[in-house]
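Understanding the architecture of this molecule
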Amino acid sequence: MWRQGVLLGGASAAALLAAGGFLGLVAPRLGASVLWLALPLGVAVACVFGLWLAKRRVGDDARTARLIGLKRPELSLDVLAAVELQRQPGDGDGGSPELARAFLQQMDTRVRTVDVRSVVDGRPVRNTALASGGVLLALALLMTLLGGGWSAGMARIREMAARPQAQAVVEPITGDIELTYRYPAYTGLTQRTVPGTNGEVSAPAGTEVVLKTRSDRPVERAEVVVNGQALPLTVTGNRDLEGTFVAKQSGHYHFVFYGARDKQLARGPDIALNVEADKAPQVTLMTPQVELEVDPGQQVTLKYEATDDYGLSGLSLVFRTPGAQQETRVPLPKEDGRRNRGSYTWDLGNLKVDPGDRITYYVEAQDNDAVEGPKKGVSRTQVLRVYSAAEHRRAALEKAEQLWGRMVDHLADRLEGPDRDKKKDPQAIAAAASVDTSGQQLITDMRTLARELARERDVPTELVSALSHISESLGSHINGTADFRRLYLRTQRARGEDWGTGNRLTATVTEEIDEAEKDILYLESLLDRQKLEALQDLAKQLANERRELSNLVEQYKNNPDDAARQAVMEQIQQLKQRINELMQRMAEMRKGIRDEHLNAEALQEMMKEQDLQSALDDVEKLMREGKTDEALAKLQQLGMQMDEMLQNLDNESDEFGSEQYPELTEKFGKFMQELQTTVQEQQKVADQTRQLRDQARSQNRERLAEKGKAAKDDLMRKVKEAQESYEKLKPEQLNSRAARPLEEAQSELKTVESALKVNDFDLAAEAAARAEDAARQLSMMGEQQRQLDEMFGNPPEVRQQSAELAQRLERDARSVEDVNKQLQSLFPPPGAQLSQQEKQQLQQLAQQQAQLEQRAQGLRQQMDEMQQMAPLFGEEATQQMEGVGQRMGEAAQRMQGKDPGRGYGEQQAALEGLRQFQRQMQEGQRGGKGGLPLPMGAGARRGNQEGNGQDPRNKVELPDEDAFQAPKEFRKDLLDAMKQGAPEKYREQVKRYYEELVK
């Protein structure tokens, strides 16, 4: 029974403890009461079971004996007899004591063999233990889930217990209190008097408070006790009281009255004293952003705001440069008042920083607290990162290397894929579409990276161009594979066999694999070249650091005092650390370059022989010994070794890639020579054509204007109809190649319209011819789309839409063709104004121009041959050279047709295209000396440069008045400007002015 009582008592106490804690959240007093009941209740339960209930159920020894006899029949009533016999005195009823003792001893022996568990039922105890354990487990689970609430409730109970009991109410012993505040001078606050208060004081630290009041009884003496310090009050007329104290810290004060013989008459209640702390200034840096990249010597504008309770005594810009022992403070302009908003132009030109250094800075404000001392407040710490071209190039290389790794993974997937199996499994082919998706994402990421890098400065242009070219060439192959995969699967589903599409898919994938292998090898070589150039940059930095150290030693030699020597030694340590970092970076960079691109062992041996760190240790030792001349000699020897290492790296860079791509290097050199010769020959032929053109064009102008005005309205109507039709056309209605001809058709038709408005029929005819070509391309694409929809059995509504679109595009093409024919009919027969000798000379020039066209085609073929070896040229370069060849061919045709004017215009366009192509090739090579041919500069990069994208230091050839291609663009700009209108009274003059300009 005692066990049951202890178990139940403990469980009850635990339950009350839990309940009390949770009750403390809402009713702390009730929760405390429940907690107080926990222990008494547990003891009471244990006593009930252990005493009262045990006595009631078991009773005395006789009842226990009957229970044992009932449970153990072999003992029967012998146990009860032994109990009764033991109760009797020794000679109770005249029986034999010896016999009684023998009986009792026998019973003791028999009882010892009895197992108590066989007499006492243990199930109630076990049930009680299980129930108590369940309660405790439930409480443990509850505390795990809601232990935070229980802890909070207990905290509230403890807080309530610790709270002092309400003291007896003390009645006021004064009337209303008049308070006069005399604020510290630094706050700038004027004296203030507040009459009729209850005495509560609230003032800044250091404020002198003047009290005036009247006692409720006559007094001989009075005091005011402020935070335990008694201060005397002036008593006037036994009732009027006045005194002062200085508010130093929060607390309370009260009045004390004394009578005769300093007998205390009364003590007043405590009155609150609240001392307002002077807060530290608040400072905010509004601009620039948290981390800003700057150029050495750049000016940075800081905009800041600082506020304080009572005013500021100072504002400073605090910064620290790398290696500085302490921070530098620059005073900032401030205004009188509690709020300062200002700006400061920080000139970084006076700071000695290196590329990649980080300058930490913040703005610090100091208030004018004259009581507790000035407090400081600071803005967030920000960083200026000095621009480092090497870091930007290194980051670009890391991003490009990540893409290169993905290219290798894509190639592996293609090689292991099912697309080239002779016996194709449609399910496996369909599953391989995921490789198409990942490859297309790779190309998208590559284009994105190329655009991002193109916007940065000092990023290798050849890397940008290579990424752009690879994304074009490899991207077209990946898209082709995806297209033929869909065609193969669609044919399988529709007809049950592939109808030859499987073989085409195999061929397409094989072409993609070849392209990927070529691009991977070339990009890897290009990345290795960039790493080698990074090694050169690091070697140059090492040489600069060595020269700086030599200058420091020279300074010490000229001024050998202890301070100078200490400065030199500190600088040596900094330079040693810097050189160690550079050497580590060189070692890491060297490991990433393949052996065929760099003799790594030779470079490693060279760096080992030229142990810069050991050499610097020797220099430091010599400096400590005071041997400056020997230290300078050691530094000179070190400089010669570093120059040798740099020269070896330069030689490696100049010939980089020539061993891996010997044939490509040779072809590239011949191509550049052939390109230069073509440019020179084209210039020569164009100059001779121009002379003939000038003689033939003087009589055309008046006749052309008369014929053109009659057809102008009809031409304008047809042009506008075609423009409206093309505005409704979207490239995705045809295919991915439709965007370019659509844009060209819209642009040329707009040029035709603008030229007709100012009667420039020559320009209108040129634009109409190009618009006709673009319109015919769109018409062909529309017909191809209609045929594809019919062949693949697309839904009827799709086929109807494509048929209607094809008809519309054919109608538009005929309309543009009519416009072109009408404009061409305005011109007299070519060569009508030429003499027979001039015609013969023009024919000779036409033959020379045709030869130049063949030479341009030869350049185009050479580009294709080199493109098969490496991604040197993008789609733009290919189209550019094709455009040059077309211009040359059109020039030859014009000249054979005895039209020197338009022939010369085409020559100028071809010449400008050649020069632009040559310039981009030269910019891409960056003055290389026979090493790895670099990709041609990407046109997208030029579009992101400031201004016109040209170096202002380059010489510019001014076009003459008859140059065709550049004036055409100039004319378009002028025509657009003319459409903006002019004041009425000047309209005719402006019109004549523009007409003269566009001639």
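Thresholds, definitions, all that
Residues numbered from 1 in each chain as written. Predicted model: local features only at pLDDT ≥ 70, side-chain atom pairs only at ≥ 80, totals over all residues. Heavy atoms only, no water. Helix = DSSP H or I, 4+ residues; strand = E, 2+ residues; numbered from the N terminus. Buried < 20%, exposed > 50% of the residue type's maximum accessible area, 1.4 Å probe, protein only. Contact = heavy atoms within 4.5 Å. Areas by Shrake-Rupley, 256 points an atom, 1.4 Å probe, with all protein chains shown as cover. Pairing = 2+ DSSP bridges. Axes fitted to C-alpha atoms, helices over the stretch in contact; angles between N-to-C directions. Core = buried A, V, L, I, M, F, W, Y, C linked by side-chain atoms within 4.5 Å. Domains from an automatic or database assignment. Patch = residues over 30% accessible without salt bridge, like charges linked within 9 Å, V, L, I, M, F, W, Y side chains within 5 Å. Salt bridge = Lys/Arg side-chain N within 4 Å of Asp/Glu carboxyl O. Lys, Arg positive; Asp, Glu negative; His and termini not counted. Charge placed at Lys NZ, Arg CZ, Asp CG, Glu CD. UniProt positions renumbered as here; feature names shortened; annotations may be inferred. Phe/Tyr/Trp six-rings, centres within 6.5 Å; stacked < 30°, edge-to-face > 60°. Lys NZ or Arg CZ within 6 Å of the ring centre and 35° of its normal. Expected span 1.5 Å × (residues − 1).

1. So, the overall build of the protein chain
Regarding its fold elements, the protein chain presents 27 helices and 20 strands. Counting only residues that meet the buried cut, the protein chain has 41% of its 999 residues in that class. Summarising the internal contacts of the protein chain: among those between residues at least 6 apart in sequence, 74% fall at separations of at least 24. Within the structure as shown, the protein chain displays about 54900 Å² of accessible surface, and the carbon and sulfur contribution to it stands at 49%.

2. Points about the sheet that holds strand 2 (residues 192-197)
If you trace the 5 strands from one edge of the open sheet to the other, you get 2-1-4-8-7, paired in antiparallel fashion. Among the strands making up the open sheet, the edge pair consists of strand 2 and strand 7 (234-236). Pairs of neighbouring strands in the sheet enclose a mean axial angle of 15 degrees, with direction left out of account. Across 3 bridges, strand 7 lies against strand 8 (residues 240-247) in antiparallel orientation. Bridge pairing in strand 8 places Val 235 opposite Leu 241.

3. Things to note about the sheet that holds strand 17 (residues 339-347)
What the 3 strands build is an open sheet, ordered 12-14-17; its pairing is antiparallel. One side of each edge strand has no neighbouring strand; the edge strands of this open sheet are strand 12 (282-287) and strand 17. Averaged over neighbouring strand pairs, the angle between their axes works out to 25 degrees when direction is ignored. Sheet analysis places strand 14 (residues 299-307) next to strand 17, joined by 9 bridges and oriented antiparallel. What sits directly across from Glu 305, in strand 17, is Arg 341.

4. Some thoughts on the side chain of Thr 501
Secondary-structure assignment places Thr 501 in helix 12 (residues 501-558). Setting aside residues no more than four positions away along its own chain, Thr 501 makes contact with Leu 487, Tyr 488 and Thr 491.

5. Thoughts on the environment of Gln 896
Mapped onto the secondary structure, Gln 896 falls in helix 23 (residues 875-896). Linking Gln 896 and Gln 847, residues 49 residues apart in sequence, is a C-alpha distance of 8.2 Å. Not counting residues up to four positions away in its chain, the partners in contact with Gln 896 are Gln 843 and Ala 846.

6. Describing the nonpolar core
Membership of the largest hydrophobic core comes to 64 residues, with the highest contact counts inside it found for Leu 463, Leu 467, Phe 873 and Phe 917. If you list the elements that add at least two residues to this core, you get helix 8 (389-416), helix 10 (433-454), helix 11 (461-495), helix 12, helix 17 (662-696), helix 22 (836-867), helix 23 and helix 24 (900-925). Both domains that furnish three or more residues to this core are identified here as domain 4 (391-656) and domain 5 (662-691 + 835-927). If you look at the next biggest cluster of nonpolar residues, it comprises 34 residues, including Val 752, Ala 774, Ala 775 and Leu 826.

7. Examining a negative patch on the surface
Taken together, the side chains of Glu 743, Glu 744, Asp 773 and Glu 890 define an acidic patch exposed on the protein surface. You can see Glu 744 is positioned in helix 19 (residues 739-757). For Glu 744, a relative accessible area of 30% gives the class partly exposed.

8. Quick word on the UniProt feature "transmembrane region" (unreviewed entry) in the protein chain
Taken from the UniProt record, the annotation "transmembrane region" (unreviewed entry) applies to residues 34-54 and 129-150. Strand forms 0% of residues 129-150 and helix 100%; the C-alpha atoms that close the span are 26 Å apart.

9. Let's talk about the packing of aromatic side chains
Applying the stated rule across the entire model yields 9 aromatic pairs. On the basis of an interplanar angle of 45 degrees and a centroid distance of 5.1 Å, the ring pair of Phe 319 and Trp 346 is categorised as tilted. With Phe 319 in strand 15 (residues 312-320) and Trp 346 in strand 17, the pair connects residues that are 27 residues apart, well separated along the chain. Residue Phe 319 is classed as buried on the basis of its relative accessible area, which comes to 6%. Members of the aromatic cluster, joined through ring pairs, are Phe 245, Tyr 253 and Phe 255. Across the ring face of Tyr 258, the terminal group of Arg 221 is positioned such that the distance to the ring centre comes to 4.1 Å.

10. Examining unusual backbone geometry
Across the junction of Thr 287 and Pro 288, the peptide omega takes the value 5 degrees, indicating a cis bond. Checked against the element boundaries, Pro 288 lands in the loop between strand 12 and strand 13 (291-294).

11. Focus on the pattern of salt bridges
A complete count under the given rule lists 41 salt bridges for this structure. Among the salt bridges present, the one from Lys 718 reaches Asp 714, with a minimum N-O distance of 3.5 Å. Of this pair, Lys 718 and Asp 714 both sit in helix 18 (residues 700-727), 4 residues apart, which is roughly one turn of the helix. The shortest N-O distance in the salt bridge between Arg 786 and Glu 783 comes to 2.4 Å. Of this pair, Arg 786 and Glu 783 both sit in helix 20 (residues 761-791), 3 residues apart, which is roughly one turn of that helix.

12. As for the environment of Gly 149
Residue placement: Gly 149 occurs in helix 7 (residues 123-162). A relative accessible area of 26% means that Gly 149 is categorised as partly exposed. Sequence separation between Gly 149 and Leu 23 is 126 residues; the distance between their C-alpha atoms is 9.8 Å.

13. Comments concerning a nonpolar patch on the surface
On the surface, Leu 141, Leu 142, Leu 145 and Leu 146 cluster together to form a nonpolar patch covering roughly 390 Å² of accessible area. Structurally, Leu 146 can be placed in helix 7. Residue classification places Leu 146 among the partly exposed positions, given a relative accessible area of 44%.

14. Brief notes about helix 11
An ideal rise of 1.5 Å per residue puts 51 Å on 35 residues; helix 11 measures up with 50 Å between its terminal C-alpha atoms. Positive phi shows up at Gly 496, right after helix 11, with a value of about 80 degrees.

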